[in-house]
Amino acid sequence: MVRVDLHTHSTFSDGSLSPEELVMRAVRQQVQILALTDHDSVDGIAPALNVAAHQAIFLVAGVELSVLWEGKVIHVIALNFPHEAPQLTKLLRQQHELRAERGRAIAQALAVLGFQDTYEDAIKLACGPEHVGRLHFAQVLVHRAVVNDVQQAFDRYLRDGRKAAISANWVNLQSAVEVMKGIGATTVLAHPLRYTLSATQKRKLFCAFKDAGGDAVEMASLQESAGPSGWLSDTIRKMGFRASQGSDFHGSSTPWLELGRCRPVPDDLEAVWHAWPQWQEWCLKHGSVFLHSSG
Ligand code: AMP
Ligand code: MN
Ligand code: MN
Ligand code: MN
């Protein structure tokens with residue numbers, strides 16, 4: 001069976017490996033299809049493609065967009081698109097500005113809580129203000145021994161509802177899907193069980209994503225239960241979505257995750273990569289056996 005990981009992070013968002021290191025680690029883990037999906041950034045795609053070109057791995061351009069739906073932050077993954085498309089560059093420039101602005105607001109909130117000057121430290125970890133995220137601030141608090149680990153930093157200060165969990169005016173769900181569909185991307189609702197939503201709200205979110213033109217839904221992570229009696233798979237099938245799979249690998253901050261280790265798309269759902277001609281071409285070019293035996 002083909003080993004696929006379509007949700008990973010590098011140093012161009014809150015991952016700890018460079019795009020090059022990430023690709024080489026995926027090769028060692030025998031991953032055949034890898035998507036780099038940094039938060040609101042495609043800056044790692046070109047370096048990742050350069051390395052992947054010399055390896056037996058199909059590298060897919062990806063991005064994990066922070067979007068707003070009914071006032072809540074939802075993550076939409078876009079896959080397999082031309083990463084230099086001008087519409088995308090424009091959207092990401094706006095997201096980068098919001099990220100930098102929100103970074104300063106998080107630092108201000110942390111200063112009020114007694115932790116001064118976290119912005120500069122977080123920026124250094126993030127390779128620039130446009131890539132800074134809550135995980136970088138969590139790491140700063142760990143380095144300063146304010147908390148024992150990243151999880152504690154989120155629980156006390158950074159997770160939704162806490163004092164330093166500043167929200168931003170991210171692009172809305174519909175516009176994000178429209179832009180990504182406009183450049184030919186496959187759009188995926190990321191980690192659908194991780195949002196704090198009631199069952200009714202969750203169904204509403206799935207419908208809104210479908211109405212917006214969304215293509216697929218990500219399988220639950222290995223750590224999450226897929227819901228009572230396969231609720232997630234049933235819903236994906238009934239609503240006519242495709243399915244995607246990914247580890248959400250971040251490197252050293254989540255040492256229990258590994259590239260390529262994720263809940264696989266079940267046989268009775270259509271996997272997103274089956275619809276990609278580039279994958280089929282890659283298989284033919286590399287004489288791969290996966291084309292006809294892939295799960
Ligand atoms: P941001 O896009 O900057 O708001 O950060 C979102 C990222 O923070 C996620 O992708 C995770 O890497 C991390 N994160 C969010 N919530 C938690 C949590 N409760 N515990 C640990 N990490 C978290
Ligand atoms: Mn993250
Ligand atoms: Mn996410
Ligand atoms: Mn992610």
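Preceding block: the structure.
Source: prediction; values computed, not measured.

**Quick notes on the overall build of the chain**
A count of helices and strands for the chain gives eleven helices and seven strands. Rg of the C-alpha trace for the chain: 19 Å, near the compact-globule value of 19 Å for 295 residues, within the 12% margin. Projected onto the principal axes, the alpha-carbon positions of the chain cover approximately 60 × 45 × 35 Å. Relative to all contacts within the chain whose residues are 6 or more apart in sequence, the contacts with residues 24 or more apart total 71%.

**Some remarks on the coordination of the manganese ion (ligand 2)**
Every protein donor of the manganese ion (ligand 2) is accounted for by Asp 14 (OD), Asp 14 (OD), His 39 (NE2) and His 250 (NE2), and the metal-donor separations fall at 2.2 to 2.7 Å. In this structure, the manganese ion (ligand 2) is surrounded by six donor atoms whose angles at the metal cover 52 to 161°, and the resulting shape is irregular. In the primary sequence, the donor residues of the manganese ion (ligand 2) line up as D-x24-H-x210-H. Distance-wise, the manganese ion (ligand 3) is placed 5.8 Å from the manganese ion (ligand 2). Separated by 25 residues along the polypeptide, Asp 14 in the loop between strand E1 (4-5) and helix H1 (19-28) and His 39 in the loop between strand E2 (33-36) and helix H2 (45-52) bring together distant segments of the chain. Summarising the burial analysis for this pair, Asp 14 and His 39 share the class buried.

**Structural notes on the nonpolar core**
Core analysis: the biggest nonpolar cluster contains 72 residues, and Ile 33, Phe 81, Met 180, Trp 273 and Trp 276 have the highest contact counts within it. When residues in this core are grouped by element, the largest group, eight residues, is from strand E3 (residues 58-69). Setting aside its immediate chain neighbours within four residues, Trp 276 contacts Leu 6, Ile 33, Phe 58, Val 60, Leu 79, Asn 80 and Thr 186.

**Some words on the coordination of the manganese ion (ligand 4)**
The manganese ion (ligand 4) binds to the protein through His 7 (NE2), His 9 (NE2), Glu 64 (OE) and Asp 248 (OD), with metal-donor distances spanning 2.1 to 2.2 Å. Positions of the donor residues of the manganese ion (ligand 4) along the chain correspond to the pattern H-x1-H-x54-E-x183-D. Separating the manganese ion (ligand 4) from the manganese ion (ligand 2) is a gap of 4.6 Å. Of the two residues, His 7 and His 9, both sit in the buried class.

**Focus: the site of ligand 1**
Near ligand 1 the following residues occur: Asp 14, His 39, Arg 99, Arg 102, Gly 133, Arg 134, Gln 151, Phe 154 and His 250. The side chain of Asp 14 places a nitrogen or oxygen atom 3.2 Å from an oxygen atom of ligand 1. Between an oxygen atom of ligand 1 and a side-chain N or O atom of Arg 134, the distance comes to 2.8 Å. At the level of elements, helix H3 (86-112) and helix H6 (150-158) are the ones that each hand at least two residues to the shell around ligand 1. Grouping the amino acids of the shell around ligand 1 by side-chain chemistry returns one nonpolar, four polar and four charged. No fewer than three residues from each of domain 1 (4-83 + 169-290) and domain 2 (93-158) sit in the shell around ligand 1.

**Considering helix H4 (residues 118-125)**
One turn of an α-helix holds 3.6 residues; hence residues three or four places apart share an orientation. Within the span of H4, buried status applies to Thr 118, Tyr 119, Ala 122 and Ile 123. One side of H4 holds all its buried residues, which, seen down the axis, span an arc of 130°. Of the exposed residues in H4, the ones pointing more than 90 degrees away from its buried face are Glu 120 and Lys 124. Looking at the buried residues of H4, the elements they touch are H3 and helix H5 (134-143). Once H4 ends, the next one or two residues include Cys 127, with phi positive near 45°.

**Things to note about the pairing of E3**
With twelve of twelve residues buried, E3 lies mostly within the body of the structure. Burial along E3 is two-sided: the face carrying Phe 58, Val 60, Gly 62, Glu 64, Ser 66 and Leu 68 and the face carrying Leu 59, Ala 61, Val 63, Leu 65, Val 67 and Trp 69 are both buried. Note: E3 against strand E4 (residues 72-79), eight bridges, orientation antiparallel. Within the sheet, the bridge partner assigned to Ser 66 lies in E4 and is His 75. Linking E3 back to E4 in an antiparallel pair, the connection comprises two residues, with Glu 70 at a positive phi of about 50°.

The rules behind the values
Residues numbered from 1 in each chain as written. Chains lettered and ligands numbered in written order. Predicted model: local features only at pLDDT ≥ 70, side-chain atom pairs only at ≥ 80, totals over all residues. Heavy atoms only, no water. Helix = DSSP H or I, 4+ residues; strand = E, 2+ residues; numbered from the N terminus. Rg over C-alpha atoms; globule rule 2.2 N^0.38 Å. Contact = heavy atoms within 4.5 Å. Donors = N, O, S within 2.8 Å, 3.2 Å for Na, K, Ca; no water. Tetrahedral: all angles 85-135°; square planar, octahedral: opposite > 155°, others 65-115°. Buried < 20%, exposed > 50% of the residue type's maximum accessible area, 1.4 Å probe, protein only. Core = buried A, V, L, I, M, F, W, Y, C linked by side-chain atoms within 4.5 Å. Near = heavy atom within 4 Å. Polar contact = N/O pair within 3.5 Å; in protein donor to acceptor, adjacent residues only side chain to side chain. Nonpolar A, V, L, I, M, F, W, Y, C, P; charged D, E, K, R; others polar. Domains from an automatic or database assignment. Arc of directions from axis to C-beta. Pairing = 2+ DSSP bridges.

Read these as spatial facts, not as claims about activity.
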